[in-house]
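Fold and geometry: a report
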There are 2 protein chains.
Amino acid sequence: MAAVEERMNSNPLVQPLLTDFYQITMAYAYWKSGKVLDNAVFDLFFRRNPFQGEFTVFAGLEECVHFVRNFHYSDSDISYLKTVMPSTVDEEFFTFLRGIDGSQVTLSALREGSLVFPRVPLMRLEGPLPVIQLMETSLLNLVNFASLVATNAARFRLAAGWDKGLIEFGLRRSQGPDGGLSASKYCYIGGFDATSNVLAGKLCGIPVKGTQAHAFITSFTPDEFPHVGKLQPVDKSQEPRDFYPVVCNWLKKVTPVLRVLESEVHLGELTAFSAYAVAFPNQFLALVDTYDVISAGSQDRFGRFSLSIKTYQAMPVKGSRCGHEIDTFGIGTHLVTCQKQPALGCVFKLVELNGDARMKLSQDIEKVTIPGKKEAFRLYGGDGRALLDLMQRCDDTPPSPGKRVLCRHPFDEAKRAYVCPSHVETLYHVYWKNGKICSPLPSLKEIQEHVKSSLTLFRQDHMRGLNPTPYKVSLSDNLYTFMHRLWLNHAPIGELF
Amino acid sequence: MAAVEERMNSNPLVQPLLTDFYQITMAYAYWKSGKVLDNAVFDLFFRRNPFQGEFTVFAGLEECVHFVRNFHYSDSDISYLKTVMPSTVDEEFFTFLRGIDGSQVTLSALREGSLVFPRVPLMRLEGPLPVIQLMETSLLNLVNFASLVATNAARFRLAAGWDKGLIEFGLRRSQGPDGGLSASKYCYIGGFDATSNVLAGKLCGIPVKGTQAHAFITSFTPDEFPHVGKLQPVDKSQEPRDFYPVVCNWLKKVTPVLRVLESEVHLGELTAFSAYAVAFPNQFLALVDTYDVISAGSQDRFGRFSLSIKTYQAMPVKGSRCGHEIDTFGIGTHLVTCQKQPALGCVFKLVELNGDARMKLSQDIEKVTIPGKKEAFRLYGGDGRALLDLMQRCDDTPPSPGKRVLCRHPFDEAKRAYVCPSHVETLYHVYWKNGKICSPLPSLKEIQEHVKSSLTLFRQDHMRGLNPTPYKVSLSDNLYTFMHRLWLNHAPIGELF
């Protein structure tokens with residue numbers, strides 16, 4: 001856990017003031033209304049999967065747990081808040097704020113790296129109303145982008161297949177320093193093998209990889225070619241050899257084979273490649289599109305990659321030629337900015353207060369919240385694949401293997417079905433309670449493996465990129481009835497329709 | 001400057017390891033090739049304005065200056081790098097890395113908050129090749145998102161007009177904690193009045209504002225209504241008054257006027273509003289869409305805002321009614337994620353090495369870089385509006401007011417024109433040289449004002465949202481000729497076309 005804590009504490013911006021101002025003003029109104037000890041249950045969930053897909057990877061949990069654990073206002077926070085709150089605010093409110101922490105909060109959640117679906121809460125927070133309200137924005141901030149980019153990474157992974165290398169290259173186009181760090185971390189969770197971001201390597205232990213920039217290529221000139229230095233053969237017992245005559249020799253041999261002229265080879269570029277080989281004799285690579293090759297003269301089927309092949313073949317040290325194939329992809333901007341949909345819409349809703357269910361109504365059914373403190377289960381069929389998620393009221397009997405259970409569509413009265421699961425997974429685990437972390441927080445690598453294995457537990461038609469089938473999320477009969485009764489009670493009675 | 005430094009040092013993630021791994025490997029190859037003292041000039045620029053617009057707001061400069069100022073590798077950085085670099089790397093390279101800093105680097109740039117256009121470098125870095133190369137990714141990271149979101153904010157500001165309030169509400173959907181902080185800071189620069197992000201308020205001095213959450217409304221029930229407490233009248237010499245009878249009294253008066261039934265009023269919601277009024281007697285506000293109003297019964301032209309009006313009118317303390325209008329917008333997700341285009345494509349290209357111009361060629365003209373160390377000028381017409389930007393070689397005579405100068409299109413030989421400016425602005429200022437900050441770094445407020453005044457210096461057809469006219473960027477005749485000669489020299493000679 002020590003490594004984890006060090007990692008988490010590396011970003012001092014994750015603190016209680018990383019919140020929307022209205023949380024502070026609402027906390028004051030709660031305090032003023034005597035609601036300080038009201039026991040609240042809030043659900044954190046989203047209403048629609050991102051990228052027109054039908055699944056989401058849940059990420060950001062560990063940071064949330066540490067946020068709740070470290071939650072308190074410093075003296076300087078309080079001093080600042082006094083300057084922005086209206087002068088009519090009672091002084092004792094600030095004493096109250098100074099004294100609160102996360103010790104009375106219970107945080108339950110799915111395992112980080114689980115697949116999650118619309119309306120099923122990813123996280124449930126229970127505790128004093130103003131304290132939980134004050135945590136809302138930070139928790140949303142920590143979960144929204146983490147889950148979005150982990151989902152995006154998982155989608156790239158599914159598209160590329162498991163045998164290709166995937167490297168995240170997004171740092172320069174991300175939302176600032178931490179946007180870049182978060183992207184690297186959660187892309188790794190979502191299934192990437194490595195990142196170009198060195199700080200993510202240092203702080204999170206993610207493998208780092210990289211290629212070359214055009215600046216490197218353009219910094220070398222033809223007149224430096226004769227001075228490229230000595231190359232150390234793989235066999236370390238051999239002395240380093242002058243590389244220039246070797247390259248010249250091979251250049252003469254390969255140009256006729258590839259049917260290109262020696263004049264077509266940009267000697268500055270060749271010098272850069274040679275210098276790189278001298279620096280990295282066992283890890284050579286070459287960026288081939290700095291000076292575009294006029295491919296009219298070259299007849300090989302690789303088109304603009306001809307120079308790459310030429311270069312590769314000019315390297316005598318590794319000895320054998322081997323087949324060229326594209327086996328690794330580096331992805332930057334589109335991955336980290338989630339171009340296709342740059343935000344996940346997680347929300348944080350009050351669902352119960354002092355034991356009474358609460359709900360937000362809306363004429364737009366999509367915005368109605370499912371009231372009350374709930375449990376959630378994932379029901380699996382005989383083939384080991386997930387059938388659906390089922391939400392229940394906490395006092396409902398949990399579903400069990402081999403027993404049929406009535407599963408209802410949340411809003412469509414007519415849509416309901418009996419399901420007989422072969423296996424039942426309880427989705428919520430308690431991560432923080434009574435001031436203690438009470439479930440293990442796995443390493444990034446373990447979370448990555450959990451994502452990978454989770455992706456295999458769902459039918460392929462839910463996972464596919466094009467026109468995926470929605471995975472079903474259902475309510476127990478009891479929860480359905482309860483919700484719709486509450487809805488009716490809250491809907492105002494108007495004139496005759 | 002002290003406040004600035006404290007602000008900048010608040011994010012420890014801005015450090016040399018916040019970079020792509022290839023910068024380290026390339027630095028090693030430079031070192032290995034004896035290019036440690038090569039004097040390089042790099043340009044940081046973009047090729048296309050974001051959001052299908054024709055301008056960009058330059059932001060992030062101050063953070064770049066501080067990054068260069070603080071640039072050095074710690075012992076723990078070096079230890080980490082030793083674990084990820086190949087074992088063939090010479091040990092002395094790490095001694096070299098441990099010793100470098102930004103003292104030999106010169107950073108020139110436009111003023112932060114200036115409008116910038118494609119191909120004109122926003123920033124120019126000059127100094128030892130490997131040192132500047134090692135700074136590339138961090139500088140791009142600091143400029144790309146900052147400029148993107150500042151531009152987005154400026155576009156919202158132009159669309160809303162200068163008389164409306166604009167508040168940034170994006171923290172929960174941003175790319176993690178710092179993504180949120182950067183967004184708040186640079187939206188403010190771009191023309192927003194305030195943010196909901198309290199930490200941005202504390203660290204950057206931006207005004208904070210907020211409204212209410214549905215959770216606040218749903219946390220109150222009708223049975224709490226009689227206990228809403230006492231309201232302090234504006235006249236502080238008066239005693240606080242019981243608010244419940246006042247609200248009941250007004251409710252009876254306003255419902256018939258608004259032609260709604262008392263049964264349509266959700267008493268829980270009214271309790272929440274009343275409690276908020278008690279907490280904030282001088283700053284009342286109400287979130288009106290928690291329990292949707294059935295607007296069939298209400299005939300007023302405000303539709304779903306009827307409850308807001310009702311509530312407003314139920315507040316007797318402020319006394320007079322006043323006209324309702326939408327005078328403030330709160331914008332969240334679309335603003336901070338830049339939904340329309342979530343990344344600005346700034347690049348960092350080597351343009352000169354040891355006094356020799358370098359260029360990246362491409363069959364795709366858009367990707368060709370403009371070689372050499374350059375100066376840039378903004379030429380203004382007699383009406384005070386900017387006519388075009390002009391890039392020159394450093395030894396060209398600068399343009400001067402009243403003297404005509406030939407301005408050439410960078411790629412189209414036929415497009416050229418004489419321009420006679422009334423006023424000439426030198427675009428680059430030296431911000432960092434010889435280990436010292438050498439131009440003032442203005443406050444956020446001053447940068448915001450610079451953006452505002454800059455926006456007025458361009459013709460409206462460049463600024464408009466729909467089909468804006470491109471602002472012209474040109475080369476001096478000398479630079480044009482120089483670039484195209486170099487281009488020819490670099491293009492490989494192939495077989496007969």
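Residues numbered from 1 in each chain as written. Chains lettered and ligands numbered in written order. Predicted model: local features only at pLDDT ≥ 70, side-chain atom pairs only at ≥ 80, totals over all residues. Heavy atoms only, no water.

**Side note on the overall build of chain A**
Helix and strand counts for chain A stand at 16 helices and 20 strands. Counting the 497 residues in chain A, one finds 61% classified as buried. Pairs at least 24 residues apart make up 73% of the contacts formed inside chain A by residues separated by at least 6 positions. Element-wise, carbon and sulfur atoms account for 52% of the exposed surface of chain A, whose accessible area totals about 19700 Å². (Helix = DSSP H or I, 4+ residues; strand = E, 2+ residues; numbered from the N terminus. Buried < 20%, exposed > 50% of the residue type's maximum accessible area, 1.4 Å probe, protein only. Contact = heavy atoms within 4.5 Å. Areas by Shrake-Rupley, 256 points an atom, 1.4 Å probe, with all protein chains shown as cover.)

**Some thoughts on the side chain of His-66 of chain A**
Residue and element names in this part refer to chain A. For His-66, the position within the fold is in helix α3 (residues 61-70). When its relative accessible area of 2% is taken as the criterion, His-66 is described as buried. A polar contact of 3.3 Å, which involves the side chain of His-66, links it to the side chain of Arg-69. (Polar contact = N/O pair within 3.5 Å; in protein donor to acceptor, adjacent residues only side chain to side chain.)

**Description of helix α11 (residues 267-279) of chain B**
Residue and element names in this part refer to chain B. Here α11 is 13 residues long and its end C-alpha atoms lie 18 Å apart, about the 18 Å a rise of 1.5 Å per residue gives. Counting buried positions over the 13 residues of α11 gives 12, a clear majority of the element. Those residues of α11 that fall on the buried side of the exposure criterion are Gly-268, Glu-269, Leu-270, Thr-271, Ala-272, Phe-273, Ser-274, Ala-275, Tyr-276, Ala-277, Val-278 and Ala-279. (Expected span 1.5 Å × (residues − 1).)

**With respect to the sheet that holds strand β5 (residues 123-128) of chain B**
In any sheet, the strands associate via hydrogen bonds between backbone groups, in a parallel or an antiparallel arrangement. Residues and elements named next belong to chain B. The strand order β12-β11-β1-β5-β3-β18-β19 describes an open sheet built from seven strands, whose pairing is antiparallel. Edge positions in the sheet fall to β12 (356-357) and β19 (436-437), since each has one partner strand and no second. With three bridges joining them, strand β3 (residues 106-109) and strand β18 (residues 429-433) adopt antiparallel strand pairing. Residue pairing for β18: Ala-109 is matched across the bridge by His-429. Packed onto the sheet, helix α6 (residues 129-160) meets β1 (39-45), β5 and β11 (347-353) and runs at close to 155° relative to β5. (Pairing = 2+ DSSP bridges. Axes fitted to C-alpha atoms, helices over the stretch in contact; angles between N-to-C directions.)

**Quick notes on the interface of chain B and chain A**
The interface of chain B with chain A comprises 118 residues on the first partner and 118 residues on the second. Taken over both partners, the interface formed by chain B and chain A buries close to 9800 Å², and the fraction arising from carbon and sulfur atoms is 61%. When the buried surface of chain B facing chain A is broken down by residue, Arg-172, Gln-175 and Pro-177 of chain B rank first, second and third, together holding 9% of it. One can count eight salt bridges joining chain B with chain A. Lys-202 of chain A serves as the salt-bridge partner of Asp-77 of chain B, at 2.7 Å between the closest nitrogen and oxygen. At the junction of chain B with chain A, the criterion picks out 38 residue pairs in polar contact (both at pLDDT 80 or more). In terms of residues, the side of chain B that touches chain A owes the most to one element, helix α2 (residues 21-32) of chain B, which gives 10 residues. Its residues placed into classes, the side of chain B that touches chain A shows 57 nonpolar, 43 polar and 18 charged. (Buried area = accessible area lost by both parts, 1.4 Å probe. Salt bridge = Lys/Arg side-chain N within 4 Å of Asp/Glu carboxyl O. Nonpolar A, V, L, I, M, F, W, Y, C, P; charged D, E, K, R; others polar.)

**Observations regarding the relation of the copies chain B and chain A**
Overlay of chain B on chain A (RMSD 0.1 Å): rotation 180°, translation along the axis 0.0 Å. Within this description, the copies of the chain are treated as partners about a two-fold rotation axis. (Least-squares fit on C-alpha atoms with pLDDT ≥ 70 in both.)

**Comments concerning the packing of helix α2 (residues 21-32) of chain A against α11 of chain B**
Running from N to C, α2 of chain A and α11 of chain B cross one another at 95°; their axes reach a closest spacing of 9 Å. Relative to α11 of chain B, the element α2 of chain A lies roughly perpendicular. Residue-level contacts link Thr-25, Tyr-28, Ala-29 and Lys-32 of chain A of α2 of chain A to Tyr-276, Val-278 and Ala-279 of chain B of α11 of chain B. Grouping the amino acids of the contact of α2 of chain A with α11 of chain B by side-chain chemistry returns five nonpolar, one polar and one charged. (Parallel < 35°, antiparallel > 145°, perpendicular 65-115°, else oblique.)

**Things to note about the pattern of salt bridges**
For the coordinates displayed, the defined rule picks out 36 salt bridges over all chains. Between Asp-20 of chain A and Arg-172 of chain B there is a salt bridge, with its nearest N and O atoms 2.9 Å apart. Of this pair, Asp-20 of chain A sits in the loop between α1 (2-8) and α2 while Arg-172 of chain B sits in the loop between β6 (165-168) and α7 (176-190), each in a different chain. By the burial criterion, Asp-20 of chain A is buried, and Arg-172 of chain B matches it.

**Things to note about the sheet that holds strand β7 (residues 194-195) of chain B**
Residue and element names in this part refer to chain B. Here three strands make up an open sheet; going across it, the order is β7-β6-β10 and the pairing parallel. Two strands bound the open sheet, and with one partner strand each, they are β7 and β10 (328-331). Note that β6 and β7 share two bridges and pair parallel. Looking at β7, one finds that Glu-168 is bridged to Thr-195.

**Some remarks on the packing of aromatic side chains**
Counting across every chain of the model gives 40 aromatic pairs over all chains. With a centroid separation of 5.2 Å and 40° between ring planes, the pair formed by Phe-216 of chain A and Tyr-30 of chain B is classed as tilted. Taken together, the residues Phe-216 of chain A in helix α9 (residues 214-218) and Tyr-30 of chain B in helix α2 connect one chain to another. One exposure class covers both Phe-216 of chain A and Tyr-30 of chain B, and it is buried. Over the aromatic face of Tyr-418 of chain A sits the side chain of Arg-404 of chain A, whose NZ or CZ is 3.7 Å from the ring centroid. Taking the ring centre of Tyr-480 of chain B as reference, the NZ or CZ of Arg-408 of chain B above it sits at 3.8 Å. (Phe/Tyr/Trp six-rings, centres within 6.5 Å; stacked < 30°, edge-to-face > 60°. Lys NZ or Arg CZ within 6 Å of the ring centre and 35° of its normal.)

**A short note on the UniProt feature "domain: Nicotinate phosphoribosyltransferase C-terminal" (unreviewed entry) in chain A**
Within this structure's numbering, the places UniProt gives as "domain: Nicotinate phosphoribosyltransferase C-terminal" (unreviewed entry) are residues 373-482 of chain A. Here residues 373-482 of chain A is 20% helix and 35% strand, with 12 Å between the C-alpha atoms at its ends. (UniProt positions renumbered as here; feature names shortened; annotations may be inferred.)

**Looking at the UniProt feature "domain: Nicotinate phosphoribosyltransferase N-terminal" (unreviewed entry) in chain A**
Look at the UniProt record and you will see "domain: Nicotinate phosphoribosyltransferase N-terminal" (unreviewed entry) annotated at residues 17-144 of chain A. From the first C-alpha to the last, residues 17-144 of chain A spans 18 Å; its make-up is 45% helix and 16% strand.

**Topic: the state of the cysteines**
Within this structure, the stated rule accounts for zero disulfides over all chains. No disulfide involves Cys-438 of chain A; its nearest neighbouring cysteine sulfur is the one of Cys-64 of chain A, lying 15 Å away. Taking the relative accessible area as the measure of exposure, Cys-438 of chain A reaches 41% and is therefore partly exposed. Unpaired in terms of disulfides, Cys-407 of chain B finds its nearest cysteine sulfur in Cys-420 of chain B, a separation of 11 Å. Residue Cys-407 of chain B is classed as buried on the basis of its relative accessible area, which comes to 4%. (Disulfide = S-S within 2.5 Å.)

**Some details on the packing of helix α7 (residues 176-190) of chain A against α7 of chain B**
The N-to-C vectors of α7 of chain A and α7 of chain B enclose an angle of 155°; their axes lie 6 Å apart at closest approach. Classified by the angle their axes make, α7 of chain A and α7 of chain B are roughly antiparallel. Remark: the crossing between α7 of chain A and α7 of chain B carries left-handed chirality. Residues Gly-176, Pro-177, Asp-178, Gly-179 and Ser-182 of chain A of α7 of chain A form the contact with α7 of chain B, whose own contacting residues are Gly-176, Pro-177, Asp-178, Gly-179 and Ser-182 of chain B. Its residues placed into classes, the contact of α7 of chain A with α7 of chain B shows two nonpolar, six polar and two charged. (Left-handed = near helix turned anticlockwise from the far one by under 90°.)

**Examining the nonpolar core**
In terms of nonpolar packing, the biggest core is built from 267 residues, with Phe-93 and Leu-107 of chain A together with Phe-93 and Leu-107 of chain B touching the most fellow members. The residues touching Leu-107 of chain A, leaving out its near neighbours within four places in the chain, are Leu-61, Cys-64, Val-65, Val-68, Met-123, Arg-124, Leu-125, His-429, Val-430, Tyr-431 and Trp-432 of chain A. (Core = buried A, V, L, I, M, F, W, Y, C linked by side-chain atoms within 4.5 Å.)

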